[in-house]
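Fold and geometry: a report
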Amino acid sequence: MILTVTLNAALDITHHVDRLRPHAAHRVHGVAARAGGKGVNVSRVLHALGRPTLVTGLVGGATGAAVRRELHRAGLAEELIPVVGETRRTVAVVDASTGDTTTLLEPGPVVLPEEWSLFREAFGALLARATVVVLSGSLPPGLPDDAYAVLVRAARGRGVPALLDTSGPALLAALPAGPALVKPNADELAEAAARFSAAAGAGPAPGPDGPHHAALPAAGALLSAGAEAVVASLGAAGMVAVTAEGAWRARPPERLSGNPTGAGDAAVAALAVGLAARDPWPVRLAEAVALSAAAVAAPLAGSFEPDVHHRLRHLVDVAPLPRTPGDTPCPS
Ligand SMILES: Nc1ncnc2c1ncn2[C@@H]1O[C@H](COP(=O)(O)OP(=O)(O)OP(=O)(O)O)[C@@H](O)[C@H]1O
Ligand SMILES: [Mg+2]
C-alpha cells in the first residue's frame, strides 16, 4: 500500500458564475465540492491506476467531516486523524465568460502540539502497512518547519522510503533526514537552491535540453544536502532526475493543453509506484512524464486521461545527462 500524507487537507469548492465582477453579487449556477490537498490528489491518481493506497493526515470540524465523506464516496480509503480546528476550504470561482478561475485559499487550522504528537504515533503504526510513503503539500499553521523531517526519519527507521513534495523551509529542513526522493518543480527547486550559493546557476541554455541542463546544479545541491534522489519537474519541458546512479532527462513527445494544476501530483503518484517497484530510473521517468501529461489533459487535479497516458508512455524521450559539465553520461 502507498501511504499518502496530507497535513493540510482541504475541501475544494468550485463555483461557476456567468461573469465575475468586483463589488457585485453573483448568482452561482453550479457548485462542486471535492476533498483536496496534494496527498489526496496523489491517492486519487493511484486509486485510478488500481494501486492500493491509503490517505492520512489531519482533519477537523464540519469541513473535515465533509472531506471524509467525499473521500468515501470516491472509494478512497482513509485513516485521517482528528484535530480540534476546522479544516480549510479553497474556493475557486470559474468565470464562464473568460474561462478564468479566481481562487481563495484559507490557511488551515492551527495544529496543537498534542495533536501533532498523536498524529506521529498513528503514522508510526500506519508505516507497518506501507511500501512507500508520500509526504505532499504545505504545513498547516502550528507545525514546526521540521515536521516532514520528523516523518522522513520515522519512515526510514522502519525501512519505508519517503517521497517528499513540498517547498520552502519544510523542504530545506527535511533534506538532512534523507528522503528517498524529492520532487520540486522549477520554482521550488530554484528557491531551495538559492540557499546553496554554489548551485545558483545561469538561466537555461538554448535547445530542447536547455532547461534540463540548467536544473542540474540546483538538483545536485539538494542531493548533497541529503536527498537520495531529486526529480525536478519542469512543466512542459518534462523532468530531470539526479541520483547516486546518474542523471537523466525526460521530455514529453508533445505539449498538452489543459489544466496543469495537479500534474505534479500525478508525477509523484507515478514516481511512488516506480520507487515501490525499484524500476530503473529511465522507466520511472517515462511513466511519470506520460502520466503527468495525461493529468494536464484532464480537467480536475487528481484525475488523468487514461487514453493519453497509454498513448504517450512509450513515446517519452529519456536520455542520460552528465552530472557536471565534463562528466560522461552514464548508460541508460
Ligand atoms: N503542458 C504540458 N504538456 C505536457 N506535459 C506537461 C505539461 N505541463 C506539465 N507537464 C508534465 O507534468 C509534470 C509536472 O508539471 P509541473 O512541473 O508544472 O508540476 P507542479 O508545478 O509540481 O504541479 P502541481 O504542484 O500543480 O501538481 C512535468 O514534469 C511534465 O512532465
Ligand atoms: Mg507541485
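Residues numbered from 1 in each chain as written. Chains lettered and ligands numbered in written order. Predicted model: local features only at pLDDT ≥ 70, side-chain atom pairs only at ≥ 80, totals over all residues.

Our focus in this paragraph is the overall build of the protein. A count of helices and strands for the protein gives 10 helices and 15 strands. Taking 2.2 N^0.38 as the reference for a compact globule, 332 residues should give roughly 20 Å; the C-alpha atoms of the protein span a radius of gyration of 20 Å, in line with that estimate. When each of the 332 residues of the protein is scored for burial, the buried share is 47%. Long-range contacts, defined here as pairs at least 24 residues apart, represent 67% of the contacts in the protein between residues at least 6 apart. (Helix = DSSP H or I, 4+ residues; strand = E, 2+ residues; numbered from the N terminus. Rg over C-alpha atoms; globule rule 2.2 N^0.38 Å. Buried ≥ 20, exposed ≤ 12 C-beta atoms within 10 Å, placed from the backbone. Contact = placed C-beta atoms within 7 Å.)

Right, let's get into the sheet that holds strand S7 (residues 88-95). Spatial strand order, S3-S2-S7-S8: 4 strands in an open sheet with mixed pairing. Each edge of the sheet is formed by a strand with only one pairing partner; in this case those strands are strand S3 (30-36) and strand S8 (101-105). In this sheet, neighbouring strand axes are inclined to one another by 20° on average, regardless of whether the strands run parallel or antiparallel. By the bridge criterion, 7 bridges tie strand S2 (residues 10-17) to S3 in an arrangement that is antiparallel. Within S3, the residue paired with leucine 11 across the bridge is alanine 35. (Pairing = 2+ DSSP bridges. Axes fitted to C-alpha atoms, helices over the stretch in contact; angles between N-to-C directions.)

Once that is clear, we can look at the packing of helix H3 (residues 113-127) against helix H4 (residues 147-157). Where H3 contacts H4, the axes come no closer than 10 Å and their chain directions differ by 30°. Between H3 and H4 the crossing geometry is right-handed. Where H3 abuts H4, its residues Arg120, Phe123, Gly124 and Leu127 lie against Val150, Leu151, Ala154 and Ala155. Taken together, the residues of the contact of H3 with H4 sort by class into 6 nonpolar, 1 polar and 1 charged. (Left-handed = near helix turned anticlockwise from the far one by under 90°. Nonpolar A, V, L, I, M, F, W, Y, C, P; charged D, E, K, R; others polar.)

What follows deals with the domain arrangement of the protein. It is common to report an interface's size as the accessible area lost on association of the parts. Splitting the protein by domain gives domain 1 (1-19 + 30-179) and domain 2 (189-332). Placing the centre of domain 1 and that of domain 2 at their C-alpha centroids yields a distance of 23 Å. Counting residues at the interface gives 26 residues for domain 1, matched by 23 residues for domain 2. If you list the elements that add at least two residues to the side of domain 1 that touches domain 2, you get helix H1 (38-48), strand S9 (132-136), strand S10 (162-165) and helix H5 (168-174). The element best represented in the side of domain 1 that touches domain 2 is H1, accounting for 8 residues. Looking at the side of domain 1 that touches domain 2 residue by residue, the classes come out as 16 nonpolar, 6 polar and 4 charged. (Domains from an automatic or database assignment.)

Taken together, 21 residues lie around ligand 1, and Asn185, Ser233, Ala263, Gly264 and Ser292 are the ones closest in. Broken down by secondary-structure element, the contributors of at least two residues to the shell around ligand 1 are helix H8 (263-277) and helix H9 (281-296). Of the residues in the shell around ligand 1, the class split is 11 nonpolar, 8 polar and 2 charged. (Near = placed C-beta within 6 Å.)

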